[in-house]
Amino acid sequence: MIPAAGLGTRFLPATKELPKELLPVLDRPVIQWAVEEAVASGADEIILVLAEGKEALAAHLRPDLPLERLLEERGKTAELEAVRKAGNLCRVTVARQAAPRGLGDAVLCAAAAVGDRTFLCMLPDDLSLAQTPVLRQLWNAHEQLGTSILALMRVPNDQISRYGCAEIAESRGKLHRVSGLVEKPPAAEARSDLAVMGRYVLTPAIFGALRKTQPGALGEIQLTDAIGSMLEGGDVWGVEFEGELLDVGTPAGWLATNMRLAREHPEFRNAVASAGTAGRS
Ligand code: UTP
């Protein structure tokens, strides 16, 4: 499940008309990076939670036969292949969120589409840069433990106040049983240096928990609050994943991620290396 019904206010005015998930990172939009990670992690269906006006996200993931025909006629083989790939990554189901009532509400909007299945949930605001995709690492942990799983990342103490922070009851190597979640704690009050990132394995129990969760500030239903109510049963673990998550959910993060990936990309490396020197003699 990919909740993508948010307003994308941090990217305004770029996102006045264009959904932030369609902003490109190198040669493809953010949503495609997310779906490719999910597919590489074993997902065979994507449930996209969308708001009105964001239908182009689903369209990007579906075949575009007239465009394919045109590219074929013009002999644009590489472009044809790229377009076919984007439109055939996997089955896409759309769920609607009527108003931006928070991430928890967005997840709840997909309840009927998910049914009684344990599912992977990913926020497309971060790209996975890892040998084994971060989502796959979460699924592996789920197969071992059978519980809901959170993605945990160690951060320096002076940065923990930017994240949700996990309190840990028990550890087995990189796996940690979570006993508390505190949203953006002041550094001095943080119970650990483990930040909760936007990748999850959730059991269907999350939907009952979300239905009982009261809206918080701004009338938004927080996913963290619902997960918090599931902790008592010992049913939520976290995995300190290997690799990195690269931010594409803020203009600065998006720019830095593009630069970083471009420097490592055979086609774009030279363009980035010479950026800023063009026109100078
Ligand atoms: P964010 O808090 O990053 O909000 O949502 P946003 O709208 O995407 O971006 P900003 O903060 O306004 O710039 C985290 C995730 O939850 C989804 C978003 O699409 C994003 O994937 N979300 C958030 C929803 O689907 N619905 C909501 O009501 C809120």
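Rules behind the numbers
- Residues numbered from 1 in each chain as written.
- Predicted model: local features only at pLDDT ≥ 70, side-chain atom pairs only at ≥ 80, totals over all residues.
- Heavy atoms only, no water.
- Helix = DSSP H or I, 4+ residues; strand = E, 2+ residues; numbered from the N terminus.
- Rg over C-alpha atoms; globule rule 2.2 N^0.38 Å.
- Buried < 20%, exposed > 50% of the residue type's maximum accessible area, 1.4 Å probe, protein only.
- Contact = heavy atoms within 4.5 Å.
- Areas by Shrake-Rupley, 256 points an atom, 1.4 Å probe, with all protein chains shown as cover.
- Lys, Arg positive; Asp, Glu negative; His and termini not counted.
- Charge placed at Lys NZ, Arg CZ, Asp CG, Glu CD.
- Phe/Tyr/Trp six-rings, centres within 6.5 Å; stacked < 30°, edge-to-face > 60°.
- Lys NZ or Arg CZ within 6 Å of the ring centre and 35° of its normal.
- Pairing = 2+ DSSP bridges.
- Axes fitted to C-alpha atoms, helices over the stretch in contact; angles between N-to-C directions.
- Core = buried A, V, L, I, M, F, W, Y, C linked by side-chain atoms within 4.5 Å.

How would you summarise the overall build of the chain if you had to cite specific residues and measurements?
Each helix and strand in the chain was counted, giving 11 helices and 13 strands. A compact globule built from 281 residues should have a C-alpha radius of gyration of about 19 Å, and the chain, at 20 Å, falls within 12% of that. Principal axes of the C-alpha set define a box for the chain whose edges measure 60 × 50 × 40 Å. When burial is assessed residue by residue, the chain has 46% of its 281 residues classed as buried. Put simply, of all contacts in the chain between residues at least 6 apart along the chain, 74% involve residues at least 24 apart. Summed over its atoms, the accessible surface of the chain is roughly 14,400 Å², and 52% of this surface lies on carbon and sulfur atoms. The averaged location of the 36 negative side-chain charges in the chain is 2 Å from the averaged location of its 30 positive side-chain charges.

Outline the packing of aromatic side chains, listing residues and values.
For the coordinates displayed, the defined rule picks out one aromatic pair. Where Phe 119 meets Phe 207, the ring centres are 5.5 Å apart and the plane angle is 10 degrees; that geometry is what we call stacked. With Phe 119 in strand β6 (residues 119-122) and Phe 207 in helix α8 (residues 205-211), the pair connects residues that are 88 residues apart, well separated along the chain. Phe 119 gets classed as buried once you look at its relative accessible area, which sits at 7%. Positioned over the ring face of Trp 33 is Arg 28, at 4.4 Å from the centre of the ring.

Provide a residue-level description of the sheet that holds strand β5 (residues 91-96), including the pertinent values.
Spatially, the three strands line up as an open sheet ordered β1-β4-β5, and their pairing is parallel. The open sheet has two edge strands with one neighbour each: β1 (2-4) and β5. Averaged over all neighbouring strand pairs, the angle between strand axes comes to 25 degrees, with direction disregarded.

Can you break down the side chain of Asn 258 residue by residue, with the values?
Along the chain, Asn 258 falls in helix α10 (residues 251-263). A relative accessible area of 13% means that Asn 258 is categorised as buried. Not counting residues up to four positions away in its chain, the partners in contact with Asn 258 are Pro 24, Val 25 and Leu 26.

I'd like a rundown of the nonpolar core, residues and numbers included.
Ranked by internal contacts, the top residues of the largest apolar core, which has 38 residues, are Ile 2, Ile 31 and Leu 48. Once you skip the residues sitting within four places of it in the chain, Ile 31 turns out to touch Ile 2, Glu 21, Leu 22, Leu 48, Leu 57, His 60 and Leu 61. Counting 32 residues, the second-largest nonpolar core is a separate cluster that includes Leu 150, Val 196, Ala 226 and Val 236.

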